[in-house]
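Descriptive analysis of the structure
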Amino acid sequence: MTVSTMLSLLSEGFVTSLLIFALTLLFSMPLGLAVMFGRRSRLTPLRGFIKAYISIMRGTPLMLQLMVVFYGPKLLLGVTVPGNWRFTAVIVAFVINYAAYFAEIYRGGIESIPRGQYEAAQVLGYTKAQTFFKIILPQMVKRVIPAVTNEVITLVKDTSLASVIGTVEMFTRAKQIVASPNTPGMLALVAAGVFYYVFNYVVAFAMEKWEQVLRYYR
Amino acid sequence: MAVFEMRNARKAFGLLEVLKGVSLKVEKGEVVSIIGPSGGGKSTMLRCATLLETMDSGTLAYGENVAAREENGKSVYAGKAALAQVRRQFGLVFQQFDLFPHYTVLKNVCDAPISVQKRDKAEVEAEAMALLDKMGLKGKENAYPYQLSGGQQQRVAIARALAMKPEILFFDEPTSALDPLLTGEVLRVIRSLADEHMTMVIVTHEMPFARAVSDRVVFLDGGVIVEQGSPEQVFENPQQERTREFLKSYRETSGAQA
């Protein structure tokens, strides 16, 4: 196998990794907001349920969660999910796992906003929705960016876990190249590492830019 | 009809009774100062008046708009829409200013009239510019709150409250977070509002100011109004022992003559 064949195999895998990354963020960031509201709800049963969910998501390995989601329907219910269940299961597992983490990050942000902001908004007659979207959310976003950056960087590396249920993303490709005879195995691992690193470099750069944009106020 | 009337307000936090039946009526154009020791119930009273806290019992009304009536010894608050109407009647200036840090000065002042009262943007902005000018903040409209001094921030907060065109304006220790120099500039602004007969209720520890600016001074201690009257009466000839003690300890610690 030539180096260029190796790189093209890895790039193919990288596209899948990128897709897992993008879809996970797309769904888990807003879902995290909903989870955060549930976690702060005055309804005790809802709050209890959300706390248990967050606890399980944080307390068990994502690799295990991936396997449960992927094999669960078959093993528990004897159901075969139609379509590309392997990939869907990856997205489902990543989304519910990351939503739990994002929810807690958002909660930290929202609880650090002074009570005076809510009171000023209330006295001025803003509705609850206006207060949240106009006053609280923008300030929360600014406060959570550093913690969210950490999480997004972790997600880039976590996409490799999808390989445990046989998703052919970049890490799976790298393993395959290492395992086949007459291939530049070590080089494949290093190349994969470079892919992840560059990807994360871009992520960190973009997040830092966003932080700078929001530096217009304190 | 009184602009504001609170009757027999009671409020307890757990076992701690903070308001033990407070009644206050404010007429149009009146300036009322509320003085008294910390923990005496001043802030709680103001928070009940501005709907930031609910009373346990007692009634609350702004002109014809009833915020809370009493039934079987308990306060019963009006519905959401009626309370929204009540909130249009008053403004509140906070001790810590509580400006919105992500909005410019102009947006802090204009956003609520535009997005809550649904008024015309151009008209609101023109009024806001005039208000800022009056507050001595000309040229600051595009600054963010963090770029301003505490005194400037508090003047923006006053402009923000005035932009809503309230019938009555409450102040919760508006200068407690400021040094003497900045205190002076905020008090001058409040005094100019008093000269224009803006109806105001001011919770303050600034005794000389309260004396100079108020039509009526209310001394609140232990959750009750101990004494009230004209500034001359309350400061020069207090009838109650607790008022005398409070003013005496104030004079001893501040060295100022009130």
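Residues numbered from 1 in each chain as written. Chains lettered and ligands numbered in written order. Predicted model: local features only at pLDDT ≥ 70, side-chain atom pairs only at ≥ 80, totals over all residues. Heavy atoms only, no water.

**Side note on the overall build of chain A**
To keep things clear, this is the line we draw: Each helix is a run of H or I in the DSSP string that is no shorter than four residues. Each strand is a run of E no shorter than two, and both are numbered from the N terminus. Buried residues are those whose accessible area, probed at 1.4 Å on protein chains only, stays under 20% of the maximum for their type, while exposed residues exceed 50% and partly exposed ones sit between those limits. Residues are treated as being in contact if the distance between any of their heavy atoms lies within 4.5 Å. Only the protein chains shown count as cover for residues, with accessible areas throughout obtained via the Shrake-Rupley method and a probe of 1.4 Å.
From N to C terminus, chain A includes eight helices and zero strands. Beginning at the N terminus, the succession of helices and strands in chain A can be written as α-α-α-α-α-α-α-α. Along the first, second and third principal axes, the C-alpha set of chain A runs to 75 × 50 × 25 Å. When the 218 residues of chain A are sorted by exposure, 46% land in the buried category. Here the analysis covers contacts within chain A between residues at least 6 apart in sequence; of these, 78% occur between residues at least 24 apart. Here chain A has roughly 11,400 Å² of accessible surface; of this, 69% comes from carbon and sulfur atoms.

**A word on the sheet that holds strand S10 (residues 216-221) of chain B**
Residues and elements named next belong to chain B. Put simply, the rule is: Any two strands between which DSSP finds at least two bridges are classified as paired. Convention adopted: a line fitted to C-alpha atoms gives each axis, helices being fitted over their contacting stretch, and angles between N-to-C directions are expressed from 0 to 180 degrees.
Taken in spatial order, the six strands line up as S7-S8-S9-S3-S10-S11 in an open sheet, and their pairing is mixed. Here the strands that pair on one side only, and so sit at the sheet edges, are strand S7 (90-93) and strand S11 (224-229). Here the average twist between neighbouring strands, direction ignored, is 20°. Relative to S11, S10 runs antiparallel, the two sharing five bridges. Directly across from Val217, in S11, lies its bridge partner Gly229.

**Some words on the side chain of Thr204(B)**
Residues and elements named next belong to chain B. Convention followed: Nitrogen and oxygen atoms within 3.5 Å of one another constitute a polar contact, given that in protein one can donate a hydrogen and the other can accept it, and given that sequence-neighbouring residues count only through two side-chain atoms.
Secondary-structure assignment places Thr204 in the loop between strand S9 (200-203) and helix H7 (207-213). With a relative accessible area of 2%, Thr204 lands in the buried category. Among the polar contacts listed, one links the side chain of Thr204 to the backbone nitrogen of Glu206, at a separation of 2.9 Å. Apart from residues no more than four positions distant in its own chain, Thr204 is found in contact with Ser33, Ile34, Ile35 and Ala210.

**Section: the pattern of salt bridges**
To keep it simple, the criterion reads: Should a side-chain nitrogen of Lys or Arg be within 4 Å of a carboxyl oxygen of Asp or Glu, the pair is scored as a salt bridge.
Across all of its chains, the model carries 26 salt bridges over all chains by this definition. Between Glu53(B) and Arg47(B) there is a salt bridge, with the nearest N and O atoms lying 3.4 Å from each other. Just as Glu53(B) is buried, Arg47(B) falls in that class too. In this structure, Glu127(B) engages Lys165(B) in a salt bridge whose closest nitrogen and oxygen atoms are separated by 3.2 Å. In this pair, Glu127(B) sits in helix H4 (residues 121-134) while Lys165(B) sits in the loop between helix H5 (150-162) and strand S8 (168-172), placing the two residues 38 residues apart along the sequence. By relative accessible area, which is 27% here, Glu127(B) ends up partly exposed. Bridged by salt links that share partners, the residues Arg39(A), Arg40(A), Arg58(A), Glu104(A), Arg107(A) and Glu111(A) form one connected network.

**Notes on the nonpolar core**
Rule in force here: Among the buried residues, those of types Ala, Val, Leu, Ile, Met, Phe, Trp, Tyr and Cys that are joined through side-chain atoms within 4.5 Å form a nonpolar core.
Formed by 101 residues in total, the largest nonpolar core has its most connected members in Phe4(B) and Phe170(B). The greatest single-element share of this core, amounting to 16 residues, is contributed by helix H4 (residues 85-111) of chain A. Excluding its chain neighbours within four sequence positions, the residues that come into contact with Phe170(B) are Phe4(B), Leu46(B), Ala49(B), Thr50(B), Tyr62(B), Phe90(B), Gly91(B), Leu92(B), Val93(B) and Val201(B). One finds Ala163(B), Val186(B), Leu187(B) and Met198(B) within the second-largest nonpolar core, a separate group that totals 38 residues.

**Some words on the packing of helix H7 (residues 170-179) of chain A against helix H8 (residues 185-213) of chain A**
Residue and element names in this part refer to chain A. Our working rule: Note that the term roughly parallel is reserved for angles under 35 degrees, roughly antiparallel for angles over 145, roughly perpendicular for angles of 65 to 115, and oblique for everything else. The sense of a crossing depends on the near helix, which, turned anticlockwise from the far helix by less than a right angle, makes the crossing left-handed and, turned clockwise, makes it right-handed.
Look at H7 against H8: their axes get within 8 Å of each other, and the N-to-C directions meet at 165°. Considering the angle they form, H7 stands roughly antiparallel to H8. When you trace H7 past H8, the crossing you get is left-handed. Touching Met170, Phe171, Ala174, Ile177 and Val178 of H7 are Gly185, Ala188, Leu189, Ala192, Phe195 and Tyr196, all from H8.

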